[in-house]
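# Coordinate inspection notes
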Amino acid sequence: MNKITNHMPTEELQAIDAAHHMHPFTTNDELSQKGARIITRADGVTLTDSEGNKILDAMAGLWCVNIGYGRDELADVAARQMRELPYYNTFFMTTHVPGIALAQKLAELAPGDLNHVFFANGGSDANDTNIRMVRTYWAEKGQPERDVIISRWNAYHGSTIGGTSLGGMKGMHGQGSLPIPGIEFIDQPHWWAEGGDTDPEEFGLERARQLEAKILEVGQDKVAAFIAEPVQGAGGVIVAPDSYWPEIQRICDKYDILLIADEVICGFGRTGEWFGSEYYDIKPDIMTVAKGLSSGYAPIGASIVNDKVAKVLDACEFNHGYTYSGHPVACAVALENLRIMEEEGVVNHVKNVAGPYLAEKWHSLADHPMVGETKIVGLMASLALVPEKGSRAPFASDAGTIGFMTRERCFANNLIMRHVGDRMIIAPPLVITTEEIDVLIERARKSLDEAYENVKAAGLLVAAS
Ligand SMILES: *Cc1c(COP(=O)(O)O)cnc(C)c1O
């Protein structure tokens, strides 16, 4: 077998990749025609590919590289931990120092009485844990019939059976006979796409009150929990109207429904607070975390549980866990990541420097002829592509056609900006500087200009009737 190195010609690597590597969320036949882009190194906010291109990663990998690439401290900690104790489990009355220290750190950082940590390997399996936790909680309290979890259409909660079921992505449900039983959905608070003539704040209330209606429809004595991302990430960086979250909190309190905040993207500084729940002043019973927890340097996730829920679960044997729950290397890396975030004031940088600066520049794109609304919270932002300035009408073409054409231009201009349908989204590393934000915006505008010309030339600048 050949040794795989960075120095093999790109085409050879692409051919091997196409022959053997099945990519996630990809039509692999199409990809193998084009050849996957091969990333070889990264530093700060910049990726290098096998052709030597320098690419500004305005997605922080998959929303996770919060402290940026190339931090030797994390590599050093991982190597040290691997030498000292590469692995031990936390199942049979054992524990280890990195697991202890990280659980304590998370309890300290998490708001309120979220003081208890159950480790997973990422966000999806942490959400699987949450399904079992909330159902077990109610069963232990003598209400086993209380097992329905309410979520939202177009939510993203991961890609395992549980995560996919909790998520509201119909294209994912369609593969594998999902969701599992006992998951119900309400509509998302996406005013731009679904608000019609309703005032945004009124719309926020209406969408929140769907939760109340759903609880009454299912029966209060059957509902275990409501799960939501503070800001929907993969759904298109959808920011709810301000009226939304207070009403959701009121309803959860009134009906004694557990609230699960999926903080996998919003957690660890993305919003300019440590957690999205603090940004919106919500009081979850459980928070799902992953991604920025280790800045993506090692796979790790967790459910952070409040005193009320932990008290009930701790009184029974919870028959659940992963071989790598609390993996010592991942825990050590996450701890070092959090140390750097605290000592370098990364959350403050988002709130007071990079966030406000990006907000001003991002909103300046709203004058572009193909841009409708621009939205931003902290360092996660989206913009709606539109065929007709001043109208919220979508394009006549299949959803995503124009977004994809725009992403192609970003790709060509060495900017990683994603599209979700015909929305463009960014979530750069939290350590991005104002100079790097200038480059980001310059490339984004250039890409929008080029995409606009291409869309016009293709006769696609047409609104759906
Ligand atoms: C990415 C994501 C997940 C899934 O996390 P994985 O680590 O990919 O399993 C869950 N919830 C949200 C909100 C996410 O963005």
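Think of each chain on its own: its residues are numbered from 1, step by step along the sequence as written. At least 70 in pLDDT is required for a residue's local features to be given in this predicted model, at least 80 for side-chain atom pairs to be given and counted, and no such filter applies to totals for whole chains, interfaces and linings, which use all residues. With hydrogens and water excluded, all non-hydrogen atoms of the structure serve as input to the side-chain values.

## Observations regarding helix α15 (residues 346-364)
- Bend at a given residue is defined as the angle between two axes, one fitted to the seven residues that end at that position and one fitted to the seven that begin there. In DSSP terms, a helix is any run of H or I states spanning at least four residues, a strand is any run of E spanning at least two, and both are numbered starting from the N terminus. Of all the bends in α15, the greatest reaches close to 45 degrees and is centred on Ala354; the proline Pro356 follows between one and four positions later.
- Note on classification: 1.4 Å probe, protein chains only; a residue is buried when its accessible area is under 20% of the maximum for its type, exposed when over 50%, partly exposed between these limits. Among the residues of α15, those classed as buried are Val346, Val347, Val350, Ala354, Gly355, Leu358, Ala359 and Trp362.
- Here, two residues are considered to be in contact whenever any of their heavy atoms come within 4.5 Å of each other. For α15, the secondary structure elements touched by its buried residues are α14 (328-343), β11 (371-377), β12 (380-385), β15 (423-426) and α17 (434-457).

## Section: the domain arrangement of the chain
- Split into domains, the chain comes out as domain 1 (37-67 + 345-457) and domain 2 (73-343).
- In the sections that follow, a salt bridge refers to a side-chain nitrogen of Lys or Arg positioned within 4 Å of a carboxyl oxygen of Asp or Glu. At the boundary of domain 1 with domain 2, the tally comes to one salt bridge.
- We note a salt bridge from Lys351 to Glu273, for which the minimum N-O separation is 2.8 Å.
- Polar contacts, as used here, are pairs of N or O atoms within 3.5 Å; protein pairs need one atom able to donate a hydrogen and one able to accept it. Residues neighboring in sequence count only if both atoms are side-chain atoms. Counting every contact that joins domain 1 to domain 2 gives 15 residue pairs in polar contact (both at pLDDT 80 or more).
- For the side of domain 1 that touches domain 2, the secondary structure elements donating two or more residues are α3 (60-63), α15, β11, β12, β14 (418-420) and β15.
- All residues other than Ala, Val, Leu, Ile, Met, Phe, Trp, Tyr, Cys, Pro, Asp, Glu, Lys and Arg, Gly among them, are scored as polar; the first ten of these are nonpolar and the last four charged. For the side of domain 1 that touches domain 2, a count of residues per class yields 20 nonpolar, six polar and six charged. Segmentation into domains, and thus their bounds, comes from an automatic or database assignment.

## Details of unusual backbone geometry
- Pro179 follows Leu178 through a cis peptide bond whose omega is 5 degrees.
- Turning to its location among the elements, Pro179 is positioned in the loop between α8 (170-173) and β6 (183-186).

## Digging into the sheet that holds strand β2 (residues 46-49)
- Strand order in this open sheet of four strands is β1-β2-β3-β13, and the pairing throughout is mixed. Of all the strands in the sheet, the pair left with one neighbour each is β1 (39-43) and β13 (415-416).
- In this scheme, strands are said to pair when DSSP sees at least two bridges between them. The pairing of strand β3 (residues 54-57) with β13 spans two bridges and is parallel. The residue bridging Leu56 from the neighbouring strand is Leu415, located in β13.
- Across the face of the sheet, α17 comes into contact with β3 and β13 while running at roughly 100 degrees to β3. For helices, the axis comes from a line fit to the C-alpha atoms of the stretch in contact; other axes are also lines fit to C-alpha atoms, and the angle between any two N-to-C directions lies between 0 and 180 degrees.

## Observations concerning the nonpolar core
- Of all hydrophobic cores here, the largest spans 64 residues; its most connected members are Leu102, Phe268, Leu293 and Trp362.
- Built from parts of two domains, this core gets at least three residues from each of domain 1 (37-67 + 345-457) and domain 2 (73-343).
- In this structure Phe268 touches Asn66, Leu106, Trp274, Phe275, Val289, Ala290, Gly292, Leu293, Leu338, Met341 and Leu430, once residues within four positions along its chain are discounted.
- Remark: nonpolar core denotes a set of buried residues (Ala, Val, Leu, Ile, Met, Phe, Trp, Tyr, Cys) joined through side-chain atoms within 4.5 Å. By size, the runner-up hydrophobic cluster in this structure holds 39 residues, among which are Leu211, Tyr244, Tyr280 and Ile425.

## Side note on the layout of surface pockets
- The computed volume of the second largest pocket comes to approximately 780 Å³.
- Think of a 1 Å grid over the protein atoms and nothing else: a 1.4 Å probe that fits but is trapped marks a cavity, an open set flanked by protein within 12 Å on at least five of seven lines marks a pocket, and residues with an atom within 4 Å of a point count as lining. Lining the second largest pocket we find 26 residues, and of these Thr90, Val117, Phe118, Asp314 and His320 sit closest to its centre.
- Elements represented by at least two residues in the lining of the second largest pocket include exactly α5 (97-109), β4 (114-120) and α13 (307-314).
- Here the element with the most residues in the lining of the second largest pocket is β4; it accounts for five residues.
- Its residues assigned to classes, the lining of the second largest pocket comprises 14 nonpolar, 10 polar and two charged. Grid points are joined across faces, edges and corners, and a volume is the space filled by probe spheres set on the points.

## A short note on the packing of α15 against α17
- Contact geometry for α15 and α17: axes closest at 10 Å, N-to-C directions at 20 degrees. Accordingly, the angle class assigned to the pair α15 and α17 is roughly parallel. Helix-helix and strand crossings are classified by hand; for α15 and α17 the assignment is right-handed. Note on element contacts: α17 touches α15 through Thr434, Ile437, Asp438, Ile441 and Arg445, opposite Val353, Ala354, Tyr357, Leu358, Lys361, Trp362 and Ser364.
- Of the residues belonging to the contact of α15 with α17, the class tally is seven nonpolar, two polar and three charged. By definition in this entry, angles of less than 35 degrees are roughly parallel, angles greater than 145 are roughly antiparallel, angles of 65 to 115 are roughly perpendicular, and the rest are oblique. Whether a crossing is left-handed or right-handed is set by the direction in which the near helix is turned from the far one by less than a right angle, anticlockwise for left-handed and clockwise for right-handed.

## Points about the environment of Met370
- Looking at the element boundaries, Met370 is found in the loop between α15 and β11.
- Relative accessible area serves as the criterion here: at 0%, Met370 is assigned to the buried category.
- Along the chain, Met370 and Leu383 lie 13 residues apart, while their C-alpha atoms are 9.9 Å from each other.

## Structural notes on the site of the ligand
- The cutoff for a nearby residue is simple: one of its non-hydrogen atoms must lie within 4 Å of the molecule or strand. Neighbouring the ligand are the residues Gly122, Gly123, Ser124, Asn127, Tyr156, His157, Gly158, Glu229, Asp262, Val264, Ile265 and Lys291.
- Tyr156 places a main-chain nitrogen or oxygen 3.5 Å from a nitrogen atom of the ligand.
- Residue exposure ignores everything except the shown protein chains as possible cover, and the areas themselves are Shrake-Rupley values with a 1.4 Å probe. About the coverage of the ligand: the protein hides 82% of its 380 Å² of free accessible area.
- At three residues, helix α6 (residues 123-140) tops the list of elements feeding residues into the shell around the ligand.

## Brief notes about the sheet that holds strand β5 (residues 148-152)
- The seven strands are arranged β4-β10-β9-β8-β7-β5-β6 in an open sheet whose pairing can be described as mixed. Here the strands that pair on one side only, and so sit at the sheet edges, are β4 and β6. Neighbour-to-neighbour, the strand axes of this sheet turn through a mean angle of 25 degrees, independent of strand direction.
- Taken together, the three bridges between strand β8 (residues 258-262) and strand β9 (residues 286-289) define a ladder with parallel strand orientation. In the strand pairing of β9, Ile260 is matched with Ile286.
- Sitting on the sheet, α6 is in contact with β4, β5, β6, β7 (223-228), β8, β9 and β10 (301-306), with an inclination near 165 degrees to β9.
- Of the strands in this sheet, β4, β8 and β10 are in contact with α13, which crosses β10 at around 100 degrees.

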